[in-house]
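Report on the structure
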Amino acid sequence: MVISIINQKGGVGKTTTAFNLGVALVKLGKRVLLIDMDPQGNLTSALGAEEEKQSGTYELLSDDLDPQELVMKLEGQLPDLIPAHMDLAGFEIECLTLENREYVLDDKLQSLRFQYDYVILDCSPSLGLLTINALVASDDVIVPIQCEYFALEGLSKLLETMQVVKTNYNTRLSVLGLLLTMYDARLALSNQVYEELKAHFDEMLFQTIIPRNVKVAESVSFGLSVMDYDQSSKGAMAYSELANEVILKSTPA
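Anyway, here's the lowdown on the structure attached to this text. Because the structure is a prediction, the values reported are computed rather than measured. Positions within a chain are numbered from 1, following the residues in the order the chain's sequence is written. Reporting in this predicted model follows two pLDDT cut-offs: at least 70 for local features of residues, and 80 or more for side-chain atom pairs to be given and counted; totals over whole chains, interfaces and linings ignore these cut-offs and use all residues. Processing note: side-chain calculations cover all non-hydrogen atoms of the structure and skip hydrogens and water entirely.

The secondary structure listing takes helices from DSSP runs of H or I that are at least 4 residues long and strands from runs of E that are at least 2 residues long, numbered from the N terminus. Counting secondary structure elements, the protein contains 11 helices and 6 strands. Each radius of gyration reported is based on C-alpha atoms, and the globular scaling rule is 2.2 Å times the count of residues to the power 0.38. Its C-alpha atoms give the protein a radius of gyration of 17 Å, within 12% of the compact-globule value 18 Å for 253 residues. Dimensions of the protein, computed from the C-alpha atoms along their principal axes, are close to 50 × 40 × 35 Å. Counting every position in the protein, which comprises 253 residues, the buried fraction comes to 52%. Contact criterion: two residues are considered in contact whenever any of their non-hydrogen atoms come within 4.5 Å of each other. Taking contacts inside the protein between residues at least 6 apart in sequence as the whole, the part at least 24 apart equals 78%. Residue exposure ignores everything except the shown protein chains as possible cover, and the areas themselves are Shrake-Rupley values with a 1.4 Å probe. Surface summary for the protein: the accessible area is close to 11600 Å², and the carbon and sulfur share equals 51%. Working definition: with a 1.4 Å probe on protein chains only, accessible area under 20% of the residue-type maximum means buried, over 50% means exposed, and in between means partly exposed.

So, about unusual backbone geometry. Phi is positive for N100, close to 55°, though the residue is something other than glycine. By secondary structure assignment, the location of N100 is in the loop between α4 (91-94) and α5 (104-109). Accessibility expressed as a relative area gives 52% for N100, which makes it exposed. With a phi angle near 55°, M182 is a residue other than glycine that sits in the positive phi range. Considering the arrangement of structural elements, one finds M182 in the loop between β6 (174-181) and α8 (188-201). Owing to a relative accessible area of 23%, M182 belongs among the partly exposed residues under this scheme.

This part is about the packing of aromatic side chains. The criterion for an aromatic pair is that two Phe, Tyr or Trp rings (for Trp, the six-membered ring) have centres within 6.5 Å, with stacked assigned to planes under 30 degrees apart, edge-to-face to planes over 60 apart and tilted to the rest. Inspection of the entire model under this criterion finds 3 aromatic pairs. Aromatic pair F222 and Y229: ring centres 5.4 Å apart, planes at 25°, arrangement stacked. Given a relative accessible area of 27%, Y229 falls into the partly exposed group. Geometrically, a charge over a ring is one whose NZ (Lys) or CZ (Arg) sits within 6 Å of the ring centre while staying within 35 degrees of the ring normal. Just above the ring of F114 sits the side chain of R113; from NZ or CZ to the centre is 5.9 Å. The ring of F206 has K249 lying over it, and the distance from NZ or CZ to the ring centre is 4.7 Å.

Before going further, it helps to examine the environment of M86. Checked against the element boundaries, M86 lands in the loop between β3 (80-82) and α4. With a relative accessible area of 57%, M86 lands in the exposed category. Sequence-wise, M86 and Y229 are 143 residues apart; in three dimensions their C-alpha atoms are separated by 28 Å.

Attention now moves to the sheet that holds strand β2 (residues 32-37). Within a sheet, each strand pairs with its neighbour through backbone hydrogen bonds, oriented either parallel or antiparallel. The parallel open sheet is built from 6 strands, whose spatial order is β3-β2-β4-β1-β5-β6. Every interior strand has two partners, whereas the edge strands, β3 and β6, have only one. For this sheet the average axis-to-axis angle between neighbouring strands, irrespective of direction, equals 20°. Relative to strand β4 (residues 118-123), β2 runs parallel, the two being bridged by 6 bridges. Paired with M37 across the bridge in β4 is C123. Here helix α1 (residues 14-27) sits on the sheet in contact with β1 (2-5), β2, β4, β5 (140-146) and β6, set at roughly 165° to β4. Note: two strands are recorded as paired if DSSP finds a minimum of 2 bridges between them. Angular values range over 0 to 180 degrees, each being the angle between N-to-C directions of two axes fitted as lines to C-alpha atoms, with helices fitted over their stretch in contact.

Before going further, it helps to examine the side chain of D38. Take D38: it is sitting in the loop between β2 and α2 (42-46). A positive count includes Lys and Arg, and a negative count includes Asp and Glu. His and the chain ends are not counted in either. Salt-bridge detection follows one rule: a side-chain nitrogen of Lys or Arg within 4 Å of a carboxyl oxygen of Asp or Glu. An unpaired buried charge is present at D38: no salt bridge exists, and K14, the closest side chain of opposite charge, is 6.5 Å distant. Among residues more than four places away in sequence, those in contact with D38 are A84, L88, D122, C123, S124 and P125.

As a further point, take the packing of helix α6 (residues 129-137) against helix α7 (residues 155-168). When two helices pack together, their arrangement is given by the angle between their axes and by how far apart the axes lie. Remark: α6 packs on α7, axes separated minimally by 10 Å, with the N-to-C direction vectors making an angle of 55°. Classified by the angle between their axes, α6 and α7 sit oblique to one another. In the crossing of α6 with α7, the sense of the turn from one axis to the other is right-handed. Touching I132, L135 and V136 of α6 are T161, M162 and V165, all from α7. Within the contact of α6 with α7, the residues separate by chemical class into 5 nonpolar, 1 polar and no charged. Working rule for angles: under 35 degrees goes down as roughly parallel, over 145 as roughly antiparallel, 65 to 115 as roughly perpendicular, anything else as oblique. Crossing chirality is assigned from the near helix's rotation relative to the far helix, an anticlockwise turn below a right angle marking it left-handed and a clockwise turn marking it right-handed. Any residue outside Ala, Val, Leu, Ile, Met, Phe, Trp, Tyr, Cys, Pro, Asp, Glu, Lys and Arg is labelled polar, Gly included; the first ten of those are nonpolar and the last four are charged.

Now for empty space enclosed by the protein. In this analysis a 1.4 Å probe is tested at points of a 1 Å grid over the protein atoms alone, and where it fits but cannot get out there is a cavity; an open set with protein on both sides within 12 Å along at least five of seven lines is a pocket; lining residues have an atom within 4 Å of a point. Grid points are joined across faces, edges and corners, and a volume is the space filled by probe spheres set on the points. Applying the stated criterion across every chain yields a total of 1 cavity of 30 Å³ or more. Taken as a whole, the largest cavity holds about 40 Å³ of empty space. Taken together, the residues of the lining of the largest cavity break down into 4 nonpolar, 3 polar and 2 charged.

In structure tokens, the structure reads:
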């Protein structure tokens, strides 16, 4: 199964979710591949792979290489990774004249998708061609939503874009869930955002809510998932619960 983690807003927890969800799924015995689709390469940095200088997502999309050659096997109980570097930013310009440019990633993933239980795409904060490629290649989408004043701004646009992709390019695309992140039950704003989401998108909401937790922020700076940094923290428990919920929601009845 291919899952895009997407929101055109930055700072909502996409990379943190991709990293921690990927690790939590591995700890549950799943075969997981993370693909960094963001030229900023934050996921690559979080996994300590930015110094490797290995070919990555740009070459996956642009070159006639065996995709398996681009997969990094990381030490420890971590997902496999296809890293991203700044050269990925050139993809959207270079492929403007290509026919079927929306299907480039989907075509490249055909040889990888069945080698893993989950292929997770960490998307850039935009709705450009990289993100469209991710949506066309995906079975499901997870949308992290931060508990802030403008949390719902752009959500309707994102869902509309997904519907356009589903209608024109990828009929299997669906929303696995909207994921509330950085939730603080003590704040009226967090509760207000939650209530608004529940009122308008109740069936799309994950039951799991990711709390605002200092251990989540600290863990990334140490190059660790929050489960490996502090297994008993609220953040670690939340991402473990999310992994179980993802498995439950993505398993055919």
